[in-house]
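# An overview of the molecular structure
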Amino acid sequence: MIENNEAGNLDAQEAPVDFSHNDAGHVHAHPSANMDNNPAPNKSCCVTVEDVEDEDGSSSWHYLEPQLDAGWALRGGETKFERCRRYQEEEGEETWSPFEDANPLFKENIAYSPARAYADAVGQHRVINEMWTADWWGEIQKALPKGATIAPIILSSDKTCLPQFRGDKSVWPVYMSIGNISKAKRHQASARATVLIGYLPAGKLDCFTLDARSLAGYRLFHHCMSSVEMVCADSQIWHVHPILAAYCLVSCSKENCCPKCLCDPESMKDTLERHKLGQHPPEFEENGLHAIYKPFWADLPHSNIFLAFTPNLLHQLHKGVFKDHLVKWCVDIVGEEEMDARFKAMPDYPRLRHFKKGILAVKQWTGTEHKEMQRVFVGLLTRAVPSCVLVVVCSIIDFSYYVQLQTHTMDTLKALQTALGVFHTNKDHFNIPKLHQLTHYVDSITLFDAADGFNTELPKHLHINFVKDAYCASNKRDYEEQMALWLQQQEAVFLHGAYLDLISQQPLLAGRGEHHMFDSDSDSESEETDSPKSNTALILPLAAAEEVQVTWHIIAKVPAYPHQTVARIKTAYGTTDFLTALQTFLRKNLLHNTIIPSLYDHFDVYHHVVIIAPPDRRVSDTPKWWHIRAMPEVAASGQNPGHPACFDMALISDRPQSSRLCTLDVAQVRTIFSLPHQFGTYNRTLAYIEWFTPFRPPDHPSQM
């Protein structure tokens, strides 16, 4: 989207109220236990403010109301990093000396108490965007002593194969993190906010095969789940209660039964005990239980394993309901050849997956490919299936997009439930266990946080570092102990690197080795995949790079075609009204210019521009990137195969920060160019665009 804004409209909005706040937004101030038993609240411990975008894209705030009787620091302390540094200074040692563990680099990304988050200052519109803003933490806090600090334990496990080229060995790595750490930090694999605690061999769902750090097995696991005084990342000592909150995949029930519907650990333990004694209770078969008589969760305090199962978007939604059932159903209706032909016919667009070979020939799908299919599936099926089928497809796609939001309000949860209701009302023969799991999504989000905080995509990234690399470092015999030792060594190296970064005042680069920005010295094409406008041409300025508050662009340092004539631009790019549109732009924006553009002027022309806009924090913390191409046809020559012309579409907004479809218009970008100096100083890159027909009211079945 290219926004048609003047520089004066690009100032960041001020806070609507003068509350004390911090940059992290989720780090709550806390009263000390040494204070009066009923400490008087102050501004900083009552409300913090987090900058977000509201529904129409404009700047807004989140108001956090912490629970003041939770998360009290007992006294000051020292982290291992600080103790190591003090010892080195006292002994005169170099900073390269070893230490055991601890990581205070999470200091700015940790919360110690539950809080209610609101989109408004009066607390009428609730927001759920982190684990401490959901219901579970606050409810469990009521059962603990005043000032206690909860560490919500998040476990996840997912099967992976050990050999790179053979599939005869597999394990279920068990990963652990805590809900105190913000999910944005937990999602960074290189931040190591999620750690490996053991390997669960396939077929042994009742125990851990723990690594060298946890040799005592169950006893050590249960000991670690006991309350303890702990020095946390902020160098304060807290009375911490580790409590199992969320676990993905492992249960004592069979796959065709729903563990969340059982929801009573005590009755389950009683049923298991009676079955162990040979009494054959009917509940054992009715609830689909396994003969696991001592599940690891049996004696964990304040834990309900059946509530702990969180949405699994990859296996339940993207792969299960969408790919394995909805797509298959639609293929049966449309036909294999027609479905493949429609996928192949979808136009190419940057960052939009083009299935140029169709979908039926693909044997191994990834979660990313499932989501790429969803982006085009409704448009692909329009006029190919009956309207009743399209309603079912739209409802599942709507459900999928709502559930992927990383910030929820009561309105989005209502819309999520409505989409599922529409699906159930119109579905025909769907009756599968994975579909049943979707009925628990709203409750899980309300209890624990948005589903993105518990997805299984992060463990799949961790498999590389914690499983596959570790296995490759072994001699492939008695490999578990070797893998554990290798991982210990890698952890020590990482922690020491983090320590050196800390004492040198250089923050650890959590995204090290990951792609974050686009920069290029050449103009090559990216490899990745209210009033109606008249159908006339227009030249718009692309937002400048220094205007980071709203949007900016990245352009190549060297133009693809420098010093192009107007005649060449009109012929190759189809810019028939180039001079007329340019004259209109100059009269409006460069008032002191007296030169009239003519056929004798020359312009530097670019092939590709990247428009970068602030993130929609309901979906992601990552800025939004739009790759827009304006490339003429290049004929084949010698070994160069050439390429057809490519002029991408863009959404143009006359309203700053607006992303509503009713405020946007579609245009085709025909040329991206810079203004020659003879017309005056103008630092922005320009784009010649042609308006398309304004949006009509959406079609009812497809809502497109």
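Residues numbered from 1 in each chain as written. Predicted model: local features only at pLDDT ≥ 70, side-chain atom pairs only at ≥ 80, totals over all residues. Heavy atoms only, no water.

The protein chain is annotated in an unreviewed UniProt entry as C2H2-type domain-containing protein from Suillus fuscotomentosus.

### Concerning the overall build of the protein chain
To be explicit about the condition: Strands here mean DSSP runs of E at least two residues long; helices mean DSSP runs of H or I at least four residues long; both are numbered from the N terminus. For every residue, the accessible area (1.4 Å probe, protein chains only) is compared with the maximum for its type, and the residue is labelled buried under 20%, exposed over 50%, or partly exposed between those bounds. Note on areas: these come from Shrake-Rupley sampling with a 1.4 Å probe, and a residue is covered only by the protein chains present in the view.
Secondary structure assignment for the protein chain yields 19 helices and 24 strands. Within the span of the protein chain, comprising 704 residues, buried residues form 48% of the whole. Only carbon and sulfur atoms are counted for the fraction: they give 52% of the accessible area of the protein chain, which is about 35,000 Å².

### Focus on the nonpolar core
As a reminder of what qualifies: The definition of a nonpolar core used throughout is a set of buried Ala, Val, Leu, Ile, Met, Phe, Trp, Tyr and Cys residues joined through side-chain atoms within 4.5 Å. Two residues qualify as a contact provided that any one of their heavy atoms is within 4.5 Å of a heavy atom in the partner residue.
Core analysis: the largest hydrophobic core is formed by 46 residues, its most contacted members being Met339, Phe343, Phe377, Leu381, Val393, Phe399 and Val403. Broken down by element, the residue count for this core peaks at 10 residues, all from helix α9 (residues 313-334). Setting aside its immediate chain neighbours within four residues, Met339 contacts Cys330, Val331, Val334, Ile359, Phe377, Leu380 and Leu381. Listed in part, the 34 residues of the second largest apolar core include Ile539, Ala572, Leu579 and Ala630.

### Section: the sheet that holds strand β21 (residues 646-647)
Rules: Any two strands with at least two DSSP-identified bridges between them are counted as paired.
Taken in spatial order, the 4 strands make up an open sheet running β16-β19-β20-β21, and their pairing is antiparallel. Edge positions in the sheet fall to β16 (552-555) and β21, since each has one partner strand and no second. Of the strand pairs in this sheet, β16 and strand β19 (residues 608-613) are connected by 4 bridges, and their pairing is antiparallel. Paired with His553 across the two strands is Ile611, which belongs to β19.

### Re the side chain of Ser395
Our working definition: Any pair of N or O atoms that falls within 3.5 Å is considered a polar contact. Within protein, one atom must be able to donate a hydrogen and the other to accept it, and sequence-neighbouring residues count only if both atoms are side-chain atoms.
Among the secondary structure elements, Ser395 is positioned in helix α12 (residues 387-403). Taking the relative accessible area as the measure of exposure, Ser395 reaches 4% and is therefore buried. Of the polar contacts made by the side chain of Ser395, one reaches the backbone oxygen of Val392; its length is 2.6 Å. If sequence neighbours within four positions are ignored, Ser395 has contacts with Ala419, Val422 and Phe423.

### Some remarks on the pattern of salt bridges
What counts is decided by this rule: Any carboxyl oxygen of Asp or Glu within 4 Å of a side-chain nitrogen of Lys or Arg constitutes a salt bridge here.
Evaluation of the coordinates by the stated rule reveals 15 salt bridges. Between Glu266 and Lys269 there is a salt bridge whose closest N-O contact spans 3.1 Å. You can see Glu266 and its partner Lys269 sitting in helix α7 (residues 265-276), 3 residues apart, about one turn around the helix. For Glu266, a relative accessible area of 54% corresponds to the exposed category. Residues participating in the shared-partner salt-bridge network are Arg116, Arg126 and Asp135.

### A closer look at the packing of helix α10 (residues 336-345) against helix α11 (residues 367-381)
Test applied: Each axis is a line fitted through C-alpha atoms, taken for helices only over the stretch in contact, and angles between the N-to-C directions span 0 to 180 degrees. Angles are sorted into four bins: roughly parallel if under 35 degrees, roughly antiparallel if over 145, roughly perpendicular if 65 to 115, and oblique for all others. Each crossing gets its handedness from the near helix: less than a right angle anticlockwise from the far helix is left-handed, clockwise is right-handed. The nonpolar class holds Ala, Val, Leu, Ile, Met, Phe, Trp, Tyr, Cys and Pro. Asp, Glu, Lys and Arg form the charged class, and all remaining residues, Gly among them, are polar.
Where α10 meets α11, the axes come as close as 10 Å, and the angle between the chain directions of the two elements is 115 degrees. Accordingly, the angle class assigned to the pair α10 and α11 is roughly perpendicular. Handedness of the α10/α11 crossing: right-handed. Along its contact with α10, which presents Met339, Arg342 and Phe343, the element α11 presents Met373, Val376, Phe377, Leu380 and Leu381. Looking at the contact of α10 with α11, its residues break down into 7 nonpolar, no polar and 1 charged.

### Section: the pairing of strand β13 (residues 236-248)
The buried fraction of β13 amounts to 11 of the 13 residues, a majority that puts the element mostly inside the structure. Bridge count between strand β4 (residues 73-76) and β13: 3 bridges; the pairing is antiparallel. Looking at the pairing, Arg75 lines up with Ile237 of β13. Across 8 bridges, the pairing between strand β7 (residues 149-157) and β13 is parallel. Counterpart to Thr149 in the pairing with β13 is Val240. As paired strands, strand β12 (residues 228-231) and β13 are joined by 4 bridges and run antiparallel to one another. Note on β13: the bridge partner recorded for Met230 is Trp238.

### Some remarks on the packing of α11 against α12
For the pair α11 and α12, the least separation of the axes is 10 Å and the interaxial angle reads 150 degrees. Judged by the inter-axis angle, α11 sits roughly antiparallel to α12. Crossing of α11 over α12 shows left-handed handedness. Within the contact between the two elements, α11 uses Lys371, Gln374, Arg375, Phe377, Val378 and Leu381 and α12 uses Leu390, Val393, Cys394, Ile397, Ser400 and Tyr401. Taken together, the residues of the contact of α11 with α12 break down into 8 nonpolar, 2 polar and 2 charged.

### Focus: the environment of Leu495
Summarising the element assignment, Leu495 is placed in helix α17 (residues 479-503). According to the relative accessible area criterion, Leu495 is buried, its value standing at 6%. Taking the C-alpha atoms as reference, Leu495 lies 9.7 Å from Arg192; in sequence the two are 303 residues apart.

### Some thoughts on the packing of aromatic side chains
The following threshold applies: Working definition: rings of Phe, Tyr and Trp (its six-membered ring) pair if their centres are within 6.5 Å, and the pair is stacked with planes under 30 degrees apart, edge-to-face with planes over 60 apart, and tilted otherwise. For a lysine, the NZ atom is tested; for an arginine, the CZ atom; a charge sits over a ring if that atom is within 6 Å of the ring centre and within 35 degrees of the ring normal.
On inspection of all chains with the given rule, the structure shows 13 aromatic pairs. A ring pair is formed by Phe343 and Phe355, whose centres lie 5.4 Å apart and whose planes are at 75 degrees; its orientation type is edge-to-face. Here Phe343, found in helix α10, pairs with Phe355, found in the loop between α10 and α11; they are 12 residues apart in sequence, far enough to count as distant. A single burial state applies to Phe343 and to Phe355, both of which are buried. Ring geometry for Phe399 and Tyr441: centres 5.7 Å apart, planes at 35 degrees, overall tilted. Taken together, the residues Phe399 in helix α12 and Tyr441 in helix α15 (residues 441-448) connect sequence positions 42 residues apart. Each member of the pair Phe399 and Tyr441 is classed as buried. The ring centre of Phe647 lies 4.1 Å from the NZ or CZ of Arg670, which sits over that ring.

### Here we look at α11
Where we set the bar: Here the expected length of a helix is defined as 1.5 Å per residue gap, with one fewer gap than residues. Consider a residue and the seven residues that end there alongside the seven that start there; fitting an axis to each set, the bend is the angle between those axes.
Taking 1.5 Å per residue as the helical rise, α11 with its 15 residues ought to reach 21 Å, and the 21 Å between its terminal C-alpha atoms agrees with that figure. Residue Arg375 marks the point of greatest curvature in α11, where the axis turns by about 40 degrees. With 11 of its 15 residues buried, α11 lies for the most part within the structure. Listed in full, the buried residues belonging to α11 are Gly367, Glu369, His370, Glu372, Met373, Gln374, Val376, Phe377, Val378, Leu380 and Leu381. Check the buried side of α11 and you find it contacts α9, α10 and α12. Immediately downstream of α11, the backbone of Arg383 shows phi near 65 degrees, a positive value.

### Considering the environment of Leu675
As for its placement among the helices and strands, Leu675 is situated in the loop between β23 (664-674) and β24 (686-691). Taking the C-alpha atoms as reference points, Leu675 and Leu582, 93 residues apart in sequence, are found 9.6 Å from one another. The contacts of Leu675, once residues within four sequence positions are left out, are Leu582, Leu586, Leu590, Phe603, Tyr682 and Leu686.

### Considering helix α18 (residues 566-573)
Heads up, the rule is: Throughout, the arc means the angular range of directions from the helix axis out to the C-beta atoms.
Of the positions making up α18, those classed as buried are Val566, Ile569, Ala572 and Tyr573. In an axial view of α18, the angular spread of the buried residues amounts to 150 degrees, which keeps them on one side of the axis. On the buried face of α18, the contacting elements are β17 (561-565), α19 (578-589), β18 (602-606), β20 (624-631), β21 and β23. Once α18 ends, the next one or two residues include Gly574, with phi positive near 70 degrees.

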